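Working through the structure, step by step
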Amino acid sequence: MYLLKKHYKKEELVDIKALIFDLDGVIVDTAKYHYLAWKRLADEIGFFFSVEDNERLKGVSRVRSLEILLEIGGIQLSEEEKTKLADKKNAWYVDYILKMTPDEILPGVISFLEQARQKGLKTAIGSASKNAKTILDRIDLLKYFDEIIDGNKVSKAKPDPEVFLLAASSLRVKPSECIVFEDAEAGVDAALNGNMHVIGIGSEKNLGKADLVISGFQNVLLETFLKLGH
Ligand code: BG6
Ligand code: MG
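Now for a look at the structure at hand. Please read all numbers here as calculations on a predicted model, not as lab measurements.

**Topic: the site of ligand 1**
Near ligand 1, the surroundings consist of 15 residues, among which D24, V60, S129, K130 and N131 are the closest. The side chain of D24 places a nitrogen or oxygen atom 2.6 Å from an oxygen atom of ligand 1. The contact in question runs from an oxygen atom of ligand 1 to an N or O atom on the side chain of R62, over 2.8 Å. Summarising the interface, the protein chains cover 96% of the accessible area of ligand 1, which totals 400 Å² for the free molecule. Judged by its atoms lying within 2 Å of the grid points, ligand 1 is housed in the largest pocket. When grouped by side-chain class, the residues that make up the shell around ligand 1 number 4 nonpolar, 7 polar and 4 charged. Here the shell around ligand 1 spans two domains, and each of domain 1 (10-29 + 102-229) and domain 2 (31-97) adds at least three residues to it.

**A few points about the nonpolar core**
Core analysis: the largest hydrophobic core is formed by 52 residues, its most contacted members being L19, F21, I27, L141, F145, F181 and F225. A per-element tally of this core places helix α1 (residues 31-45) first, with 6 residues. The residues that make up this core include at least three from each of domain 1 (10-29 + 102-229) and domain 2 (31-97). Beyond its immediate chain neighbours, meaning those up to four positions away, F181 contacts L19, I20, F21, D22, V26, F112, I199, I201, F217 and F225. Of all hydrophobic cores here, the second largest spans 20 residues; its members include A18, V173, C178 and V188.

**A closer look at the environment of A18**
Tracing the backbone shows A18 in strand β2 (residues 18-21). For the pair A18 and K39, spaced 21 residues apart in sequence, the C-alpha separation works out to 37 Å. If we ignore the near neighbours within four places in the chain, the residues touching A18 are L121, K122, L171, V173, E177, C178 and I179.

**Thoughts on the packing of α1 against helix α3 (residues 62-73)**
Packing of α1 against α3 leaves a shortest axis separation of 11 Å and a crossing angle of 40°. For the element pair α1 / α3, the angle class is oblique. Crossing hand, α1 versus α3: right-handed. When α1 is examined against α3, the residues W38, L41 and I45 are found in contact with a partner set consisting of R62, S65, L66, L69 and L70. Per-class residue counts for the contact of α1 with α3 are 6 nonpolar, 1 polar and 1 charged.

**Quick look at the environment of V154**
With respect to the element layout, V154 can be found in the loop between β4 (147-149) and α7 (162-170). The exposure class of V154 is buried, given its relative accessible area of 16%. V154 has contacts with I149, E162, V163 and L166, leaving out every residue within four places of it along the chain.

**Description of the pairing of strand β5 (residues 178-182)**
Within β5, 5 of the 5 residues are buried, which leaves it mostly tucked inside the rest of the structure. Side chains C178, V180 and E182 project from β5 onto one buried face, and the interleaved I179 and F181 project onto a second face that is buried too. One ladder, built from 4 bridges, connects β5 with strand β6 (residues 197-201); its direction is parallel. Pairing of V180 across the sheet is with V198, part of β6.

How each quantity is defined
Residues numbered from 1 in each chain as written. Chains lettered and ligands numbered in written order. Predicted model: local features only at pLDDT ≥ 70, side-chain atom pairs only at ≥ 80, totals over all residues. Heavy atoms only, no water. Near = heavy atom within 4 Å. Polar contact = N/O pair within 3.5 Å; in protein donor to acceptor, adjacent residues only side chain to side chain. Areas by Shrake-Rupley, 256 points an atom, 1.4 Å probe, with all protein chains shown as cover. 1 Å grid on protein atoms, 1.4 Å probe; cavity = no way out; pocket = protein on both sides within 12 Å on 5 of 7 lines; lining within 4 Å. Sits in = over half its atoms within 2 Å of the grid points. Nonpolar A, V, L, I, M, F, W, Y, C, P; charged D, E, K, R; others polar. Domains from an automatic or database assignment. Core = buried A, V, L, I, M, F, W, Y, C linked by side-chain atoms within 4.5 Å. Buried < 20%, exposed > 50% of the residue type's maximum accessible area, 1.4 Å probe, protein only. Helix = DSSP H or I, 4+ residues; strand = E, 2+ residues; numbered from the N terminus. Contact = heavy atoms within 4.5 Å. Axes fitted to C-alpha atoms, helices over the stretch in contact; angles between N-to-C directions. Parallel < 35°, antiparallel > 145°, perpendicular 65-115°, else oblique. Left-handed = near helix turned anticlockwise from the far one by under 90°. Pairing = 2+ DSSP bridges.

Written out as structure tokens, the structure reads:
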């Protein structure tokens, strides 16, 4: 199977063997739960944290998210205090995600994953979240992925390609044989930095560097990106 990149010449078509999915914002919309938990923390400290501010935390690690939140509030804290706050926010966040159900899987995702299975492509999650397995378990999607590479397995945050490169090596495929699906600009950059193909989930406005951008998986056929080999 070959990726049909909009600017590819026929002789440059690459054999695609694996699909790597970011989790938050691609498979499920957990940004709303991150927002509620960060907002609760900001309220408790005593400053306003808006939905627009929350956009800055998408794709960003937990520690970096807290730093951005504290910057917004104009607050400076010791490393020890920061760890306590990050743990507190995570406990509230975990309360939300433990209540998640398969109904929260974004439209078209299951059908897309089934198409990948039918075509024999390998699949992995490549997420910054340390809660990825909990979420996948709650929404009953673990069975669709051959590898779960999450924030517990990597130390460098996107746009560093570490998470996607580890996913590719775990699946025993080359980076150039993978397509990454990402909703965050840092994630698109991470995939490109890893020499992978990348499809943006969202809008051209912030994901324009991706090979293709789609609004979501609803009614999307795998053939939209893959051309059967000849
Ligand atoms: C990313 C989210 O997937 O995971 C970020 O887009 C989040 O918003 C990050 O901060 C870390 O998640 P967690 O679950 O480890 O706090
Ligand atoms: Mg994301």
